[in-house]
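Residues per chain, in single letters:
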Amino acid sequence: IIDNWFHERGPLWPGQSFSLQIKQILHHAQSQFQDILVFDSVHHGKVLVLDGVIQCTERDEFSYQEMMAHIPLFAHPNPKRVLVIGGGDGGVLREIARHPSVEEICICELDKEVIEVSKKYLPFMAKGFEDPRVQVHIMDGAKFMEENQGSFDVIITDSSDPVGPASVLFETPFYKAMHGSLREGGIVCTQGECVWLHVDLIGPLVKAITPLFETVEYAYCTIPSYPSGQIGFILARKAGGDVRGCKEPVREAGDDVLKELRYYTPEIHRAAFVLPAFANRAIFGE
Ligand code: AAT
């Protein structure tokens, strides 16, 4: 923070920095796991920052949270049990809750202080916790996966970047454990970083998990407040059900749901999987 500007600097985007002008700092404290900062910005509303990295801004969070939830959920014919790893702000829960077929939403967040701070300062996202189907577990997501080989239809990993406590969530054993916890035809959707910055991370990860799953695909959305303005998702489907992957929505989103959404449409669901040539080559070797 310099002269009331927050600068996002980090080893995963060397030599570049996105900056936001601060109106007021609302909370700044160290939790057991990370540094938690919430500020009100001049043009992006409230902002949540963990260890110096922007997790969401009020202005554009809907892009990431809607795509992360609705791509896997609309690619699944009848999702009933959904698990979220990370996502302590509640935004992804808010989106999952729009699906009436879902009976149970488990969330495993490492840091209970992220949840508490979000409930206090970011109620537009934390309202996701109010849904009666939500059950909260506070522990490391990789450990939770090892201990709870449940039977989920969809697992969404809304995790921070692979520096610090989330690095285990970018490793093959975690994907093996998620695979083991899926029902037949179940879908995993994970925070897949950015093609402009991280193909060297995404490519090897996709390659490592390809033998485990029936299909492994990559989609992305635009979001101005994440590094390089874009973030992607790895979508992996377990064998047994639909073998077409996740590119096509298989259920109709009702008009009542679509009118509430600000980014997701069935058209953008399909379009999100169309990658620029360099990214396709680097991730899939095509
Ligand atoms: N929806 C907001 C976007 C996020 S939040 C990432 C969450 O993952 C945080 O609440 C963090 O506490 C949690 N987390 C980190 N490590 C673990 C872990 N090992 N187990 C469970 N939860 C964890 C992501 C923003 C992406 C930023 C892109 N630059």
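Given the structure is predicted, the values throughout are model-derived calculations rather than measurements. (Residues numbered from 1 in each chain as written. Predicted model: local features only at pLDDT ≥ 70, side-chain atom pairs only at ≥ 80, totals over all residues. Heavy atoms only, no water.)

Looking at the sheet that holds strand S5 (residues 53-57)
Within a sheet, neighbouring strands are paired by backbone hydrogen bonds and run either parallel or antiparallel to one another. Spatial strand order, S1-S2-S3-S4-S5: five strands in an open sheet with antiparallel pairing. The sheet is open, and its two borders are formed by strand S1 (5-8) and S5, each paired with just one other strand. Strand-to-strand twist in this sheet, taken as the mean axis angle between neighbours without regard to direction, amounts to 45 degrees. As paired elements, strand S2 (residues 18-30) and strand S3 (residues 35-41) share seven bridges and run antiparallel to each other. When the bridges of S3 are listed, Ala29 appears paired with Ile36. (Pairing = 2+ DSSP bridges. Helix = DSSP H or I, 4+ residues; strand = E, 2+ residues; numbered from the N terminus. Axes fitted to C-alpha atoms, helices over the stretch in contact; angles between N-to-C directions.)

Examining the side chain of Ser41
Within the element layout of this structure, Ser41 appears in strand S3. Overall, the relative accessible area of 2% leaves Ser41 in the buried class. A polar contact of 2.9 Å, which involves the side chain of Ser41, links it to the backbone nitrogen of His44. From its side chain, Ser41 meets the backbone oxygen of Gly45 in a polar contact 2.7 Å long. Contacts of Ser41, omitting those with residues within four sequence positions, involve Gln21, Ile22, Lys23 and Val47. (Buried < 20%, exposed > 50% of the residue type's maximum accessible area, 1.4 Å probe, protein only. Polar contact = N/O pair within 3.5 Å; in protein donor to acceptor, adjacent residues only side chain to side chain. Contact = heavy atoms within 4.5 Å.)

Description of the environment of Gly164
For Gly164, the position within the fold is in the loop between strand S9 (152-158) and helix H6 (172-180). Taking C-alpha positions, Gly164 is 8.7 Å from Phe33, a pair spaced 131 residues apart along the chain.

Notes on the sheet that holds strand S8 (residues 134-138)
Across the sheet, which stays open at both edges, the seven strands sit in the order S8-S7-S6-S9-S10-S12-S11 with mixed pairing between neighbours. Edge positions in the sheet fall to S8 and strand S11 (215-222), since each has one partner strand and no second. Taken pair by pair, the neighbouring strands of this sheet meet at an average axis angle of 15 degrees, ignoring direction. Summarising the sheet, S11 and strand S12 (residues 230-237) pair through eight bridges and their orientation is antiparallel. The partner of Glu217 across the bridge, within S12, is Leu235.

Thoughts on the site of the ligand
Residues in contact with the ligand amount to 29 residues; listed here are only the nearest, Asp89, Glu109, Asp140, Gly141 and Asp158. Here an oxygen atom of the ligand and a side-chain polar atom of Gln34 are 2.9 Å apart. For the ligand, a nitrogen atom lies 3.3 Å from a polar atom in the backbone of Leu110. Isolated, the ligand exposes 680 Å² of accessible area, and the fraction of that covered by the protein chains is 100%. (Near = heavy atom within 4 Å. Areas by Shrake-Rupley, 256 points an atom, 1.4 Å probe, with all protein chains shown as cover.)

A look at the pattern of salt bridges
Tallied over the entire structure, the rule returns 10 salt bridges. Between Glu95 and Arg94 there is a salt bridge; the shortest N-O distance is 3.0 Å. Among the charged side chains, a network of salt bridges with common partners joins Glu61, Arg94, Glu95, Arg98 and Glu260. (Salt bridge = Lys/Arg side-chain N within 4 Å of Asp/Glu carboxyl O.)

Function cannot be read off these values alone, since they describe shape.
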